[in-house]
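This is what each chain is made of:
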Amino acid sequence: MRASARWPTLGLLVGAALVLAPMANAAEIHGFNEEVQFGAAANFNRGVWTDVAMTCDGTVIEVHESDIVTDIYYQIGKASIYGVEWGPAVQYDTCARKPTVDVTSSGVIVTMHTCTLTDAIWYRVGTLESDDTISWRAKKKSCNGGTPAVAVTNDGVVIQVFRSDTDDDLKYRVGQIKPNYLIAWHGSGTFDSNGQIPTVAVTEEGYVVVMHQQDGKLAYDVGWLTNDRKDIDWTVSAWVKTGTPLVKTDGKQPSAFVRDDGIVIAAYTDGDYVRCLIGNVTQQDSITWTRGEGCDLGDRPAIAFARDLAVQTHRGDFGHSPLCSSTSRMIDRSRWMDQVPGLMDKRLGDITLPGSHKSGGYALSTTPAGCQVLPGSLPNYLGMGFATTQEETFLRQLQGGIRYFDLRPHFEDGQFYVWNEFVGSNVMDIFDDITTFMSSVDRELVILNISEFCPAGTSFAHGQFIKLIRQELEPYLIMNGHTPLTETTLGSLLAEGPRVIVVYDLGLIPPHTIWPDELLDEYDPSDEIPYGQEGIWHPAALGIYDAYTNTSDPMQLRTDQLDRLRCFYGVDPSCDKIDPDGPNALDRLFMLSWTLTPNDDMVPCVLDGTNCVEQWAGSPKNLHELAMSANRRLGSFIEMYGQQYRPHVLCADYFADARVTDLALELNGAFCAGDMNLDGSVNFADLLGLLAHWGETDSASQFDLDCNGSVGFGDLQTLLTAWGPC
């Protein structure tokens, strides 16, 4: 029987480092607020059913059913934060449907599928080869049933769950892979009733999690492998409940992975979207579900995890049954500045910040702001769907890692709001979000760029607004004394705690660095106040080159922003993107404006709520769908050009879809192979840690650098190869 001691430090785990388990006093990017941000996924094939597994070194094994014939295929890929680099699809069985897969740390692969001619479930066992192919070693019928799922431990224990072939009962089997690669089956039985499409995950200690759909809701069952690892002691059967108050979660087609520390990562279908959940195992073996996130348009997701990188695949929704994939770090993004090794020693001008475009463009009202943004020939009924630019509040954006905000204020009836075609949230709510966040962190820097005032000119109450900024944010404002800001280290800027740089963009250019009197009569009628003296900075203090492409074509966006990057770094002497005598000539930082703009050529459509429908196939229904066509391409762009032409701000609509935080962390050197204590360098401290764990056979050990299941000479060689600063 299971002993409660299997989770001896669970109460501490939720606040500690969860995957890499850094050595004492190391900075931690892992913690209670760990989340995934898969974002908009990239298409890699076609199919109607997909499953995925991943090894310690990021090798991904994906299986899927053809959308044309009843054949099943596998693909091998290599995962990184930029996405998955896929190899070719290889057919491995015919007259087969609904494949599922898992893999051990040593590369032993177990797949299962149903037969199209009978109710039989078949399994295959193979080995992953060095040329990224699978050598199949055994194939045999397992039992009768439907929609199988499989999980396998590193010592070869196989858990199969499936739907009964006679009713809606959910059944399981436990087996062991033998030396001849056949599975010797032991325990079996029924663990739940009235369930469909189960998925299963297991830790090395033997904690088993099954998720399934039941009457349109998500449910889960948990248990433990018995001491002989031949059966399962089922302990909990419950609904997945989320929200405040807790309610049953609508969803179907779930997929889940459980880490060895009891953190559950799940994906499921909710309407037209793939969504994600994070769960924490309690001492009573139940799961507390938190932090549900949207991932992408589509259905039938699958999820896998290794170390701190997760990968998900699903069927997309943009025609012809596309299969899509994306990756995400499983980290706490709310405190990344304080946690990234060596970041405090870098100048602000040497750091990449994740940013959100039109940051207040969420929860817009139906009241027009009176300041037009969208193209004039677009039908009015397109407004709301194409004016909404973000899904998350300022607080959630801050917790998601955003550090550059594009705030566009609107003044009406003595109150300040944000706006984008329509009036949005009250600015006081946004300032409350900022102060709430700042009071919860130690060293985080936020840049608040305020521009595009509505109404324009002297009709906007600038003096009153500046008073409000100082009143609400003064404890966190960076005053003068840090100029030039871009040459100052992050540690110096944050020496006294978290801070906000407020950039107030009146459209003035250098050398006009004095506040115009007519705009500040309410604030200080007697003095001319230089930017920065009162914590309000002229745009020249940062010098951010910010130029959007003004296109709805993602390929034109890519070409134009790359041209601007090359021009900014002086690579192309014939470049005409930056006028040497114009307002951007002195800019020191480059903002990658990864945004698409609805234009006059968009097809009119019929309004349904906030979406436009009954339009030409493939035309976006709202800005979210338009933005996805660009956001799913940002990872590959940064992988190809980010190190050579480093952008200083990554700015996007629907920031989580673009994964701007994870990509910025990668550019900032947050993840460095061999730096086990996260001090920004592979050095003697890491070597001593490896030697202290020499011979360890824990596959989850951070010191198993070569992912062979033990700590030894291969890991030493990997560490020495990476020796030096990250």
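Residues numbered from 1 in each chain as written. Predicted model: local features only at pLDDT ≥ 70, side-chain atom pairs only at ≥ 80, totals over all residues. Heavy atoms only, no water.

**Student:** Any chance you could break down the sheet that holds strand 18 (residues 232-239) for me, citing the residues and the numbers?
**Tutor:** Taken in spatial order, the four strands line up as 15-16-17-18 in an open sheet, and their pairing is antiparallel. Every other strand in the sheet has two partners, leaving strand 15 (196-202) and strand 18 as the edge strands with one partner each. Sheet twist, expressed as the mean angle between neighbouring strand axes with direction ignored, is 20 degrees. Bridge count for strand 15 against strand 16 (residues 207-214) is five bridges, and the pairing is antiparallel. Paired with Gln-196 across the bridge in strand 16 is Gln-213. (Pairing = 2+ DSSP bridges. Helix = DSSP H or I, 4+ residues; strand = E, 2+ residues; numbered from the N terminus. Axes fitted to C-alpha atoms, helices over the stretch in contact; angles between N-to-C directions.)

**Student:** I'd like to hear about the sheet that holds strand 10 (residues 134-144), residue by residue, with values.
**Tutor:** The four strands are arranged 7-8-9-10 in an open sheet whose pairing can be described as antiparallel. Edge positions in the sheet fall to strand 7 (96-103) and strand 10, since each has one partner strand and no second. Going from strand to strand, the sheet's axes swing by 20 degrees on average, the running direction of each strand aside. Inspection of the sheet shows strand 9 (residues 120-128) paired to strand 10 by nine bridges, in the antiparallel sense. Within the sheet, the bridge partner assigned to Val-125 lies in strand 10 and is Ala-138.

**Student:** Talk me through the packing of helix 10 (residues 634-641) against helix 12 (residues 660-667); I want residue IDs and the actual numbers.
**Tutor:** Relative to each other, helix 10 and helix 12 sit at 10 degrees, their axes nearing to 10 Å. When the axis of helix 10 is compared with that of helix 12, the two are roughly parallel. Counted together, Leu-634, Gly-635 and Ile-638 of helix 10 and Val-660, Leu-663 and Leu-667 of helix 12 form the full contact between these two elements. Counted by class, the contact of helix 10 with helix 12 contains five nonpolar, one polar and no charged residues. (Parallel < 35°, antiparallel > 145°, perpendicular 65-115°, else oblique. Contact = heavy atoms within 4.5 Å. Nonpolar A, V, L, I, M, F, W, Y, C, P; charged D, E, K, R; others polar.)

**Student:** Now, about the packing of aromatic side chains: what can you tell me, with residues and values included?
**Tutor:** By the definition in use, this model includes 30 aromatic pairs. Judged by centre distance (4.5 Å) and plane angle (20 degrees), the rings of Phe-44 and Trp-86 are stacked. With Phe-44 in strand 1 (residues 42-46) and Trp-86 in strand 5 (residues 83-86), this residue pair connects regions lying 42 residues apart in the sequence. Taken as a pair, Phe-44 and Trp-86 share a single burial class, namely buried. Ring centres of Phe-568 and Tyr-569 lie 5.3 Å apart, and the angle between their planes is 80 degrees; this geometry places the pair in the edge-to-face category. A network of ring pairs unites the aromatic residues Phe-411, Phe-416, Phe-431, Phe-453, Phe-460, Phe-465 and Tyr-504 as a single cluster. Directly above the ring of Tyr-273 sits Arg-275, whose terminal nitrogen or CZ lies 5.2 Å from the centroid. (Phe/Tyr/Trp six-rings, centres within 6.5 Å; stacked < 30°, edge-to-face > 60°. Buried < 20%, exposed > 50% of the residue type's maximum accessible area, 1.4 Å probe, protein only. Lys NZ or Arg CZ within 6 Å of the ring centre and 35° of its normal.)

**Student:** Please set out the nonpolar core residue by residue, giving values where relevant.
**Tutor:** If you look at the biggest cluster of nonpolar residues, it comprises 76 residues, and the most contacted ones within it are Phe-431, Ile-434, Leu-448, Phe-465 and Tyr-504. Beyond its immediate sequence surroundings of up to four residues, Leu-448 is in contact with Phe-394, Phe-405, Leu-407, Phe-431, Ile-434, Leu-473, Val-500, Ile-501, Val-502 and Val-503. (Core = buried A, V, L, I, M, F, W, Y, C linked by side-chain atoms within 4.5 Å.)

**Student:** Explain the environment of Asp-250 to me, using residue names and the numbers behind them.
**Tutor:** One can find Asp-250 in the loop between strand 20 (247-248) and strand 21 (252-258). With 37 residues separating them along the chain, Asp-250 and Gln-213 place their C-alpha atoms 8.9 Å apart. Leaving out residues up to four positions away in the same chain, Asp-250 has contacts with Gly-216, Lys-217, Tyr-268 and Asp-270. At 2.3 Å, the side chain of Asp-250 and the side chain of Lys-217 are in polar contact. (Polar contact = N/O pair within 3.5 Å; in protein donor to acceptor, adjacent residues only side chain to side chain.)

**Student:** Can you break down the state of the cysteines residue by residue, with the values?
**Tutor:** Counted according to the given criterion, the structure contains one disulfide. Covalently, Cys-371 is tied to Cys-454 through a disulfide, its sulfur atoms 2.0 Å apart. Judged by the sign of its S-S torsion, about 90 degrees, the cystine formed by Cys-371 and Cys-454 is right-handed. One end of the pair, Cys-371, is in the loop between strand 28 (353-356) and helix 3 (383-387); the other, Cys-454, is in the loop between strand 33 (445-450) and helix 6 (462-473), with 83 residues separating them in the sequence. (Disulfide = S-S within 2.5 Å.)

**Student:** Help me get a handle on the packing of helix 13 (residues 684-692) against helix 14 (residues 713-721), residues and values and all.
**Tutor:** Interhelical geometry of helix 13 versus helix 14 gives an angle of 175 degrees and a closest axis separation of 11 Å. As the angle between them shows, helix 13 and helix 14 are arranged roughly antiparallel. Of helix 14, the residues touching helix 13 (which contributes Asp-686, Leu-687 and Leu-690) are Asp-715, Leu-716 and Leu-719. A breakdown of the residues in the contact of helix 13 with helix 14 according to their chemical character gives four nonpolar, no polar and two charged.

**Student:** Give a detailed account of unusual backbone geometry, specifying residues and quantitative values.
**Tutor:** Residue Pro-455 is bonded to the preceding Cys-454 through a cis peptide linkage, with omega at 0 degrees. Phi at Tyr-654 takes a positive value of approximately 50 degrees, unusual for a residue other than glycine. Inspection of the secondary structure assignment puts Tyr-654 in the loop between strand 40 (649-652) and helix 11 (655-658).

**Student:** Please give an account of the side chain of Ser-328 that cites residues and values.
**Tutor:** Mapped onto the elements, Ser-328 comes out in strand 27 (residues 322-329). Filtering out sequence-adjacent residues up to four positions away, Ser-328 remains in contact with Val-36, Gln-37, Phe-38, Ile-81, Asp-308, Leu-309, Ala-310, Arg-333 and Asp-662.

**Student:** Please give an account of the confidence of the model for the protein chain that cites residues and values.
**Tutor:** Of all residues in the protein chain, 84% attain a pLDDT of 70 or more, and the chain-wide mean is 85. Here residues 1-32 is a poorly scored stretch, pLDDT under 50, and it has 81 contacts once near neighbours within four places are set aside; other chains count. Note on residues 509-514: pLDDT is under 50 here. Beyond four places in sequence and across chains, it has 13 contacts. (pLDDT = per-residue confidence, 0-100.)

**Student:** Before we move on, could you go through the environment of Thr-288 and cite the residues and values that matter?
**Tutor:** One can find Thr-288 in strand 24 (residues 287-297). Residue classification places Thr-288 among the partly exposed positions, given a relative accessible area of 40%. Among all residues touching Thr-288, those that are not within four sequence positions of it are Ile-278, Gly-279, Asn-280 and Thr-282.

**Student:** Which residues make up the environment of Ile-197, and what values go with them?
**Tutor:** Positionally, Ile-197 belongs in strand 15. Along the primary structure Ile-197 and Val-161 are separated by 36 residues, whereas in three dimensions their C-alpha atoms are 9.4 Å apart. Setting aside anything within four residues of it in sequence, one finds Ile-197 in contact with Trp-49, Thr-147, Met-211, His-212, Gln-213, Gln-253 and Pro-254.

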